[in-house]
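Each chain, letter by letter, is given below.
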Amino acid sequence: MGRSTWVRQQTFAGSVAFEPADGEVSTIYSTGGGPFDPNLEPLSQIIATLNERYGTSWQAADRVFCDVVAEKLAARPDIQQQAAA
């Protein structure tokens, strides 16, 4: 059987100094998606716009219904297979 040999090569010599500075820290685990926008439209206004534009009669309570339907669909094996394809 072959034998593996690992060679470690030094690629840097010296010290690393960090100086304090103002800035923004972000990580790959950040989930915010951006800064808070206080000018976001309330859900009721968005629903009203959709109703006007598309002739629907959505209400805030319909969101719960849609969430439940989405959860039920996501739990179905046939839907999961189609999504994976």
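Residues numbered from 1 in each chain as written. Predicted model: local features only at pLDDT ≥ 70, side-chain atom pairs only at ≥ 80, totals over all residues. Heavy atoms only, no water.

**Here's the deal with the overall build of the protein**
Where we set the bar: Helix and strand assignments follow DSSP, with helices taken as H or I runs no shorter than four residues and strands as E runs no shorter than two, numbered in order from the N terminus. Using a 1.4 Å probe, accessible areas were evaluated by the Shrake-Rupley method; residue-level cover was limited to the displayed protein chains.
Broken down by element type, the protein carries 3 helices and 0 strands. Ordered by position in the sequence, the α and β elements of the protein form the string α-α-α. Accessible surface for the protein amounts to roughly 8,900 Å². Of this, 56% is attributable to carbon and sulfur atoms.

**As for a nonpolar patch on the surface**
As a reminder, the rule being used: A patch consists of residues whose relative accessible area exceeds 30% and which take part in no salt bridge; residues with like charges are grouped when within 9 Å of each other, and nonpolar side chains (Val, Leu, Ile, Met, Phe, Trp, Tyr) when within 5 Å. When a carboxyl oxygen of Asp or Glu lies within 4 Å of a side-chain nitrogen of Lys or Arg, that pair is called a salt bridge. Only protein chains enter the calculation, and the probe is 1.4 Å; a residue is then buried if its accessible area is under 20% of its type maximum, exposed if over 50%, and partly exposed in between.
A contiguous nonpolar patch, built from Leu43, Ile46, Leu50 and Tyr54 and spanning about 380 Å² of accessible area, is present on the exposed surface. Within the secondary structure, Ile46 sits in helix α1 (residues 43–54). Judged by relative accessible area, Ile46 falls into the partly exposed class, the value being 38%.

**Examining the environment of Ala48**
Tracing the chain through its elements places Ala48 in helix α1. It is 9.9 Å that separates the C-alpha atoms of Ala48 and Ala60, two residues lying 12 residues apart in sequence.

**Considering the side chain of Asn51**
As a reminder, the rule being used: Definition of a polar contact: a pair of N or O atoms within 3.5 Å, with one able to donate and the other able to accept a hydrogen when the atoms are protein atoms, and with sequence-neighbouring residues admitted only if both atoms are side-chain atoms. The contact criterion used throughout is that any non-hydrogen atoms of two residues lie within 4.5 Å.
Of note, Asn51 is situated in helix α1. At 3.4 Å, the side chain of Asn51 and the backbone nitrogen of Ser57 are in polar contact. Once residues within four sequence positions are removed from consideration, Asn51 is found in contact with Thr56, Ser57 and Trp58.

**With respect to α1**
Note the following rule: Given the number of residues in a helix, its expected span is that number minus one, multiplied by 1.5 Å.
If you check α1, its first and last C-alpha atoms are 16 Å apart, about what 12 residues at 1.5 Å a residue would give, namely 16 Å. With its phi angle positive at about 65 degrees, Gly55 sits one or two positions after the end of α1.

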